[in-house]
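Observations on the three-dimensional arrangement
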Amino acid sequence: MKKALHLLTLLLTFGCVSVSLAQEATITGRVIDRDSRSPLAGAYVVFEKSAYGTSTNLSGEFQLSSKAGKITLKATYIGYRDTTITLDLSAGQQVVLEIVLKTNILELNAITITGQLQGQAKALNQQKNADNIVNVVAADQIGRFPDPNAAEALQRVSGVNIERDQGEGRYVFVRGLSPQFTNVSVNGEQIPSPEADVRYVALDAIPADQLASMEVFKTLTPDLDGDAIGGSINLITRIAESTKPTFSGTAITGYNSLMQRPNLQGSLQYDQRFLNRKLGVLVNASYYHNDLGSDNVERNFIDNELELRDYELTRTRSGLSATIDYNFNPNHSIYLRGLYTKFTDREWRRRYVFLPGDSEVERLTKDRFESQGVNTLNLGGKNIFKRFTIDYDVQYAYGFQETPYDIEGVFIGSFDHSIDDSDFRLPRPSNNDYLNNAAYEFDAFEMGGSTAEDQNLAARLNVNIPYHIGKYQGTIKTGGKIRLKSKNLSIENNKFEALTDIPNLSAFEGGIWDQNFFGNQYGMSNPLDLGRLLSYYNQNPEKFELSIEDKIIDEAVESYDAEESVYAGFLMARQQLGKATVIAGLRYEYTSGTYNSKDVVIAPNGDIQEVRPTTGNVSYGFALPSVNLKYALNDKTNLRAAVSMSYSRPNFDQIVPAQEANLEDNEASVGNPALKPVRSTNFDVLGEHYFGTVGIISAGVFYKALTDFIYTRSLFNSQYPLLVANPLATGILVRQAQNGESASLMGFEFAFQRKLQFLPGDLANLNLYMNYTYTNAQAELQSRVADAGNPDLLETITLPGSAAHMGNLALAYDKKRFSARVAMNFNGAYLVEVGDVAANDLFVKSRMQLDVTATYTLNKRFRVFVEVLNLTNQPFEAYMGQEDRLVQREFYGWWTRMGLKFNL
Amino acid sequence: MKKLHILLISLLVFTACSKENSNLVLPIPLADRPLQLVFDEEESGVPEDDDEIELVFTFVDQYDPTGQSLEGLKLPHTSNLRVTIAFSDNEGFAEWSDYFTGIEAFYEIDDCITSLDQNISLNPTLDLVNGRASFDIPAGISEVILVLETDPTNFDNDLIDEDRGFKVNMVELAGEGANTRVKFIQDQAWEVILLDDETIYGKWAFDGSVSADLDNLKDIFSLINEDFESLSTTDIDEVELEVELDKVTLKIVLTETETITECGVTEVVNKEIEVDMDIEDLSDLLDGEIELLAEVEADNGSITEYTIKAVFTVVSGVMTMTMEIEDGDDTIERTFQFTK
C-alpha cells in the first residue's frame, strides 16, 4: 500500500509540473576540447544562478531547459578553465551551443602525454558530475595499466576485485559480493552469460581495447536495472569523434616466462565523421594471442590425495566492434552499434593423482578446446523535443560457450606410497616409483562436448521531461523495458572403458611436457599423449566399450533449457534544491520464467532406474524505491548519500529443477525453481573532493542488508521427491539450494589519486593512485553441525567471495615524453567454499600482484611501451581452514608485453 | 573501404591461430562405432567330468539414442554372419580329437524355445585337425550359444592336476556384406579351465541332520539369508556346497515340496534355499584361504554386501573349512566338514 501511495505521489507530481512546460526554452549542445576538438565527457553545464545543471554524455553532449529570459551558463571540467556563456532566451526557443574549453594544466597542453591525463580527467569528471556513486574507467586509462581484458581493467577500481583463471582476470567481485550479485551491461543493456549455469559474465572474453569506457555504478537509480546488489557494470563501446579519417591501433608482442614463448596482440581502429559531422562510422578490431601455462599442486586432506597439474594453454581474444551513428540535427540522432567478441582456450592438462589409500597413482592427460563469445547489436536513438526528450534502444545479444571437444585419458598404476607433508608448501609422494610408465594400465578415456547459448532480446524507452517547481528546476524521467531471454545447455559425454587388454602407458607416452615443473621439485616422466591413444582407439574401436549409464546420467542431469521474460517500468524525479540534487523514484520489475530439465533416478541396486522430463515455473515482482542525494559543498567537493533496494536472481544451476537421486547412496541433489531472488536494502554515504590537477580523494561507507540469501541446505532424513504423498524413497539426505535467513555486508572505501606536484624537483612528476576497501560480510545459514534431530540450528559465516581487505597502489612518473608506472593490486583472503565443518572451509589466500609499465612517446602519433606483469611470480593459493593447510598452489611465472601504439 | 577489408581479413586470419585443430586427434563419432561381437566371458571353469562346454557369443550393448532403453540395447546387425573360431593353448591333452566329440549351435527365441526346437541350423562345423569351428549368426540375432560336446571320461581321474584347459579366439568373420560395422576383437580369448574335483572345486555334501552342525551353518548364513533362521534338521533333505571357478553356491534342498510350471511343464519339486557368493580371493586349491562376497538385495532393490573369510584344507575327499563373518562389532567363526 505504501508503495502504491508513493507511486501515486510521483504521478501527481508529474501531472502538476507538466503545466509549466510550455514556458521552457531548450538548450542543447556539446562541450569540446579547444585543441583536439574532442568531446569532453562528464563536463558539468550549470545555470550559474540556480546551480541547476547537467553533465555531458560520452559524446560531450548535454541538454537543459530554462524559462525565458537572460541566463548565464557555466561549463566546468576538472583540468580545464571554466567557461561562462550568457543567453537571452525566449519561450519555446531551441538553442544549440558548442562550448569550447581550454586546459589549465601545463601537462595537458603538452603533446607528449596526449591521451593520459585527459583520460583520467574524463573519468573523474564523469564520476564527479554523476547523480549517483559511480567509478569510471576511461579508454585512455585502460591503456595506462597493462590490462588486456575488461576484468583486469576493472580491478583497478576501488571496491572491485577479480577472480583469476590461469593468472588472467575473469570474474569481477564488486564490494565483496560474488559475481552473481553484479550486473554487467554493454551500452546500457544487460548481456547474457556465455556460461551454462550462471548469469554472470566472464569478462576475460571481452578485450579491453574494444571499449570507450567502463562504468561501475555502486548505487542504483530507478532507470538502472534492479538486479544488481553489488553494483552494475556498464561497458561502453566506442563511437567516431573526428571529421578526419583516424586510424589508431597497437602492435604488441611479449613473452611468457613459464612457457618461454612469445605472445602477440594487435588492434586497429578506423573512425571518421562525415556529412558535416552528422554521420559517424567507427570500426575497431583487435586480436590477442597468448601462450601461457601454470604449475599447480593440489592437496586434498579429506580424501588424502595429492595432485600435480601441469597446464599448457593457448588463448586468443578477438574483438570487432562497429558503430554507425547519425545526427539528423543536434536534437535528433540514431545509432547502430555492434560488438563481436570471441575468446578461445585450448588447454592441455597433464596430471598425476596420488591415492595412497588405494595404493594407486592415476596419470591423466586432458585436451580441451572452448570458445566463448558475446555478440550484441543495438539500434537506438534520442529525440529532443520542446517539452521532453525520449531515448530508446533495441538490443539483440547472444552469448555462447562451445566446447567441441573435451578429452581426458586415464591410466592407473599400483604403487605403495604415502604423502610427505613435512613441507606444507611442497607436499610430495614418499617415493619415485610412480615414474615408471610401464606400470600404468589403461582405465578409461572420456570425450565430451557441450554447447551453451544465452540470448536476450530487449527493448527500452525512456522519456525525460524537464519541469519547474517555483524557483527550483528538475526533470521527471519515466520509462519501460522488456527483456526476453532464452538459455539452454546441451552436453554430450562419452566414456570408454576397455573391453580387453589395452597396452600400458609406455605405449602412448609422448608430447610436450614441463621439464621444469615447480623448479624440478617433483619428478616427472613422459605424459600420456592423447593423440597416440586416440589413434589407437580409432584403429581398434572394438576394444573399447561405451559406458552407457554414465552417458545417460551426465547428459540428462546437466542439460536444460530456460525461458525468462522481464518487464520493468520506472518513474523518477531529479530535483535541484540549491546545492543539493535529489534523485528519487520507483522501479518495478516483474519476471516470469520456465525451466525444463530432466530428473535421473538411480535405483538402490545402482542401476539407472528412470529419466523423466521435469519443468519448473516461476514468477516474481519487485518494487524497488531509491533515493540518491548529492550535495555540492563547492565546485570540487560533493557529499553523497543513497538508499536503494535491489535484488539478485538465482543462478540457473540452482533454479533449474533437475534432480539427481541416488537411492543406492541414499542421497539426492534437487533443483529449486521456487527459489526466491536475494533482496537487498543498500545504504551509501560518500564524500569526495576533486583536485584541479586531475585527482581525487574520496571516502565512504556502505551497508547492505540481504534477505533470502541463497545457500545449499542439507535436508536430513528427507524423502524423494520432496513434497509428494508417495515418495520413491524416504530417510535420504537431500541437498537443495534454499533461501537462508539473512546476510549483511558493511564496508568502507577510500580512494586517493593526484599528481604530487608539491614535491621538490623531479619528484613533482610523480602521480599517486591508491584505493582501499574494507568489507565485513556475514550470513546466517543452517549450521554445519545441524542434524536430523536439530535441522534448524543456525550459524554465522563470512559471506563467500567477500575479502576483508582489497586495494590498489600505483606510483607513476610522467616527464616529458617518458612515463612509467608501478602498480600493485591486493586481494585479501576470502572464503570460497563452505565445508562440511568449519575446519574444512576453503579460502583463497591473499594475493598481491606487481606490474610495471613504461611508455615513451616518439611523437604525436607514435608511442612505444613495455609492460611486465606479475613481476614477482605470485601464485594463486587456497587453503582449508588454516593457512598451513594449503590445498592449492598455482604458479604462472611473469609475462611481458611490449610494442607500439599509434594514432594516425 | 579497402582498409576495412584488410582489417576484417586480418581478424579472420588471427582467428585461425586459436589452435583449435592443431595436433588434434578426435575419436571416431559414436555413430561410426562398430557393432562389437564378443565372448560374454573372459574365462570359464568346466568340471573335469562334464560332457559339454558352452561358449556364448554376444553383441555389446549400444547406446539407445531415443533414450527408451536406459541400459542400452542390442542393435541388430543386418546381414548373416559366419564366425570362425580357433582353439589354442591346449593343456592336459595333445589332440583336439582326444577331447572334443561334437558341436552344436543355437540361439534362444524366448525363455523356453531355442532355434534347435524350430529346426533352424546355424551350420556349425568342427575341424578337429586344425582346431577350428564355424557357425552362423543370422541377421538380427544378438546372441548365439556354441556347445562343444566333450568326452566326460577324458579327464575324470583321481589325480590332482590343476593345469588343464585351452583357449578360444575368434579369427574370422565372413558374410558381412553391406554391414561392415560388425567387428570382433582379434586378441580377445576365452580361456576354458578344467576344474579338478580332487581340489576345492566341485560339489560337496554337508550333513544337515546333525543339529549342532546345522546351528553352525545357521550362525553364519542367517545374516545373509533370513530363511536359515527357522531351519531345523527335519526340514532338510540335503545340503550342497558347489565350488566353481569364480563362485560358490550353498544350496539347501528342503523336504517341503512345491508345484512349479516352467515352459508348459508342471512338476512337483523340493523347495530350495540358495546363497550365491563370488570368490574374491583364493590362495590355493588344496590348503589355503578363500574370501567370498555375498550380495543381498532388499525389497527396495538396495544391495547389502557380506564378506565371508575362510581357511580350508582338502584331504582325501574331505574338506574342512572354517568360516568367519562380521556381525556388527562381533566376528562369528564356525568350522564345517564337507564330503564329496
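Anyway, here's the lowdown on the structure attached to this text. As the structure is a prediction and not an experimental result, all values here were calculated from the model.

Quick word on the overall build of chain A
Looking only at helices and strands, chain A features eight helices and 48 strands. Counting only C-alpha atoms and orienting by the principal axes, one finds that chain A spans roughly 95 × 70 × 45 Å. The burial tally for chain A puts 61% of its 904 residues in the buried class. Surface exposure of chain A reaches about 33100 Å², of which carbon and sulfur atoms provide 54%. Charge centroids of chain A, computed over 85 positive and 104 negative side chains, lie 16 Å from each other.

Comments concerning the sheet that holds strand S2 (residues 43-47) of chain B
Residues and elements named next belong to chain B. One open sheet holds the six strands; their spatial order is S2-S11-S9-S4-S7-S6, and the pairing between them is mixed. Every other strand in the sheet has two partners, leaving S2 and strand S6 (125-127) as the edge strands with one partner each. The mean angle between the axes of side-by-side strands here comes to 25 degrees, regardless of whether they run parallel or antiparallel. Judged from the five bridges that link them, S2 and strand S11 (residues 189-195) form a sheet pairing that is parallel. From the neighbouring strand, Ser-44 faces S11, where its bridge partner is Val-192.

Looking at the interface of chain A and chain B
Tallying the contact residues gives 54 residues for chain A and 42 residues for chain B. Summed over both sides, the interface of chain A with chain B buries roughly 3900 Å², with 68% coming from carbon and sulfur. Of all residues in chain A, the largest losses of buried area upon contact with chain B belong to Tyr-287, Glu-542 and Ile-548 of chain A, amounting jointly to 15% of the total for that side. For Asp-187 of chain B, the salt bridge is made with Lys-543 of chain A, and the minimal N-O distance between the two is 3.3 Å.

Notes on the packing of aromatic side chains
The relative placement of two aromatic rings is captured by the distance of their centres and the angle of their planes. Scanning the model with the defined rule gives 55 aromatic pairs over all chains in all. Measuring from ring centre to ring centre gives 5.6 Å for Phe-39 of chain B and Trp-190 of chain B, while their planes differ by 80 degrees; the resulting arrangement is edge-to-face. One end of the pair, Phe-39 of chain B, is in strand S1 (residues 35-39); the other, Trp-190 of chain B, is in strand S11, with 151 residues separating them in the sequence. Across this residue pair, the class does not change: Phe-39 of chain B and Trp-190 of chain B are buried. An aromatic cluster of three or more residues is present, and its members are Phe-411, Phe-442, Phe-445, Phe-496, Phe-508, Tyr-536, Tyr-537 and Phe-544 of chain A. Sitting over the ring of Tyr-335 of chain A, Arg-337 of chain A keeps its end group 5.4 Å from the ring centre.

Here we look at the state of the cysteines
All names here are of chain B. If you walk through the whole model with that rule in mind, you get one disulfide over all chains. Between Cys-112 and Cys-263 runs a disulfide, and the two sulfur atoms are separated by 1.9 Å. Of note, the bridge from Cys-112 to Cys-263 carries an S-S torsion of about -85 degrees and is left-handed in sense. Placement of Cys-112 in the loop between strand S5 (100-106) and S6 and of Cys-263 in the loop between strand S14 (247-262) and strand S15 (265-282) is noted, with a sequence separation of 151 residues between them. A residue is classified by how much of its surface remains accessible, and Cys-112, at 39% relative accessible area, is partly exposed. The exposure class of Cys-263 is partly exposed, given its relative accessible area of 49%.

Remarks on the pattern of salt bridges
Residue and element names in this part refer to chain A. Under the definition given, this model contains 60 salt bridges over all chains. One salt bridge connects Asp-325 with Arg-273, and the closest N-O pair in it is separated by 2.6 Å. You can see Asp-325 sitting in strand S18 (residues 305-329) and its partner Arg-273 sitting in strand S16 (residues 261-274), a full 52 residues away along the chain. Of the residues examined, Asp-325 reaches a relative accessible area of 8% and is grouped as buried.

Quick notes on a nonpolar patch on the surface
Residue and element names in this part refer to chain A. Taken together, the side chains of Ile-324, Leu-336, Leu-377, Leu-379, Val-394, Tyr-396, Leu-457, Ile-482, Leu-484, Tyr-567, Tyr-588 and Tyr-590 make up a nonpolar region of the molecular surface, amounting to roughly 1000 Å² of accessible area. Secondary structure elements with two or more residues in the nonpolar patch: strand S20 (360-384), strand S21 (389-414), strand S25 (472-498) and strand S28 (580-602). Note on placement: Tyr-396 falls in strand S21. Given the relative accessible area of 36%, Tyr-396 is considered partly exposed.

Notes on the environment of Asp-345 of chain A
All names here are of chain A. Within the secondary structure layout, Asp-345 lies in strand S19 (residues 332-355). Separated by 32 residues in the primary sequence, Asp-345 and Leu-313 place their C-alpha atoms 6.8 Å from one another. If sequence neighbours within four positions are ignored, Asp-345 has contacts with Arg-170, Leu-313, Thr-314, Arg-315, Arg-368, Phe-369 and Glu-370. Of the polar contacts made by the side chain of Asp-345, one reaches the side chain of Arg-315; its length is 3.4 Å.

Some points on the sheet that holds strand S11 (residues 182-186) of chain A
What links the strands of a sheet is backbone hydrogen bonding, and the strands pair in either a parallel or an antiparallel sense. All names here are of chain A. The sheet built from five strands is open, its strands ordered S8-S13-S14-S11-S12 with mixed pairing. At either end of the open sheet lies a strand with only one pairing partner, and these are strand S8 (134-138) and strand S12 (189-190). Two strands pair when backbone bridges link them, and S11 and strand S14 (residues 231-237) are joined in this way by five bridges, in the parallel orientation. In the strand pairing of S14, Thr-182 is matched with Gly-231.

As for the pairing of S19 of chain A
Residues and elements named next belong to chain A. Counting buried positions along S19 yields 21 of 24 residues, so the element is predominantly enclosed. Bridge count between S18 and S19: 23 bridges; the pairing is antiparallel. When the bridges of S19 are listed, Ile-324 appears paired with Leu-336. The hairpin formed by S18 and S19 contains two residues between the paired strands.

A word on unusual backbone geometry
All names here are of chain A. For the bond running from Tyr-720 to Pro-721, omega is -10 degrees, close enough to zero to count as cis. Residue position: Pro-721 is located in the loop between strand S35 (710-720) and strand S36 (729-739). The residue Gln-166 is not glycine, and still its phi comes out positive at about 55 degrees. By the element assignment, Gln-166 lies in the loop between strand S9 (160-165) and strand S10 (168-174).

Notes on helix H3 (residues 211-221) of chain B
Among all positions in H3 of chain B, only Leu-214, Leu-217, Lys-218, Ile-220 and Phe-221 of chain B are buried. Taken end-on, H3 of chain B shows its buried residues confined to a sector of 165 degrees, consistent with a single buried face.

Some thoughts on the side chain of Asn-375 of chain A
All names here are of chain A. Along the polypeptide, Asn-375 turns up in strand S20. Side-chain polar atoms of Asn-375 contact the backbone nitrogen of Thr-341, separated by 3.5 Å. Discounting residues that sit within four places of it in the chain, Asn-375 has contacts with Leu-339, Tyr-340, Thr-341, Tyr-396, Ala-397, Tyr-398 and Phe-400.

Cut-off values and rules
- Residues numbered from 1 in each chain as written.
- Chains lettered and ligands numbered in written order.
- Predicted model: local features only at pLDDT ≥ 70, side-chain atom pairs only at ≥ 80, totals over all residues.
- Heavy atoms only, no water.
- Helix = DSSP H or I, 4+ residues; strand = E, 2+ residues; numbered from the N terminus.
- Buried < 20%, exposed > 50% of the residue type's maximum accessible area, 1.4 Å probe, protein only.
- Areas by Shrake-Rupley, 256 points an atom, 1.4 Å probe, with all protein chains shown as cover.
- Lys, Arg positive; Asp, Glu negative; His and termini not counted.
- Charge placed at Lys NZ, Arg CZ, Asp CG, Glu CD.
- Pairing = 2+ DSSP bridges.
- Axes fitted to C-alpha atoms, helices over the stretch in contact; angles between N-to-C directions.
- Contact = heavy atoms within 4.5 Å.
- Buried area = accessible area lost by both parts, 1.4 Å probe.
- Salt bridge = Lys/Arg side-chain N within 4 Å of Asp/Glu carboxyl O.
- Phe/Tyr/Trp six-rings, centres within 6.5 Å; stacked < 30°, edge-to-face > 60°.
- Lys NZ or Arg CZ within 6 Å of the ring centre and 35° of its normal.
- Disulfide = S-S within 2.5 Å.
- Patch = residues over 30% accessible without salt bridge, like charges linked within 9 Å, V, L, I, M, F, W, Y side chains within 5 Å.
- Polar contact = N/O pair within 3.5 Å; in protein donor to acceptor, adjacent residues only side chain to side chain.
- Arc of directions from axis to C-beta.

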